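Chain residues, written in single-letter form:
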Amino acid sequence: MQKTNLKKNWLISENAFGALLKWLDTEKKSDGECYLEIHERLVNYFDRKNCQNPDELADETLNRVARRLEEEGKLESQTPAKYCYITAKFVFLENLRNKDKHNVSIDETVENKLFSKTFDDKTEKEKRLNCLEICAETLDFVNREIIFGYYYGEERIKIENRRKLASKFELSINALSIRACRIREKLHICVVKCLEKNN
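So, a few notes on the structure that sits alongside this text. (Residues numbered from 1 in each chain as written. Predicted model: local features only at pLDDT ≥ 70, side-chain atom pairs only at ≥ 80, totals over all residues. Heavy atoms only, no water.)

Some words on the packing of aromatic side chains
How two aromatic rings sit relative to each other is given by the distance of their centres and the angle of their planes.
Item 1. What the rule picks out here adds up to four aromatic pairs.
Item 2. Both rings, one in Phe-17 and one in Tyr-35, keep their centres 5.3 Å apart while their planes meet at 70 degrees; by these two values the pair is edge-to-face. Here Phe-17 is found in helix 1 (residues 14–24), whereas its partner Tyr-35 is found in helix 2 (residues 33–48), with 18 residues between them in sequence. Pair check on accessibility: Phe-17 and Tyr-35 agree, each one buried.
Item 3. Look at Tyr-45 and Phe-46: their rings are 5.1 Å apart centre to centre, the planes differ by 70 degrees, and that puts the pair in the edge-to-face class.
Item 4. According to the relative accessible area criterion, Tyr-45 is buried, its value standing at 10%.
Item 5. Given a relative accessible area of 0%, Phe-46 falls into the buried group.
Item 6. An aromatic cluster is built from Tyr-45, Phe-46 and Tyr-85, whose rings are joined through pairwise contacts.
Item 7. One cation-aromatic arrangement involves Lys-49 over Phe-92; the distance from NZ or CZ to the ring centre is 5.1 Å.
Item 8. A cation over an aromatic ring shows up here: Arg-162 above the ring of Tyr-150, its NZ or CZ 3.6 Å from the ring centre. (Phe/Tyr/Trp six-rings, centres within 6.5 Å; stacked < 30°, edge-to-face > 60°. Helix = DSSP H or I, 4+ residues; strand = E, 2+ residues; numbered from the N terminus. Buried < 20%, exposed > 50% of the residue type's maximum accessible area, 1.4 Å probe, protein only. Lys NZ or Arg CZ within 6 Å of the ring centre and 35° of its normal.)

Here is the structure:
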């Protein structure tokens, strides 16, 4: 049975992402094609459920699968597709319970995606945002536009913005999601180093 006591705000690492791709490609080597296919199916699943953020929920589902894969080492009880759909059902139910979300700024959105801890200390928050700005400047123009554009807006506005972003850079929605995940991880590493350096 699917466990529900998953760690909150877990960030997918490059190794965990690679393990997820390998696990999804068990029957044939597809260089990420299986990931893109299951992501698209999950987006359609959440869209059929009339969720306002199907892309984000698909991301969350695959992040949870990657986390469980990292914790357990292997997942053999179900086929990859079936396991992803089981996880998606839990994500959907949680989404129904958490519909009352307030609007936040783009900096706060990216910041929340980058950090697992929350700090009440205003000074600490300013340090993190400062490091985020510094690290964002190290990205090239395209990656900077992708990462901030990817998290801009709420619900349907966010979905439409991601579609425009994908079209602008000639990427599929799924490829854009993978690209944003890798940029986010790069930013996270940079910010952590920045914070360590300034503490």
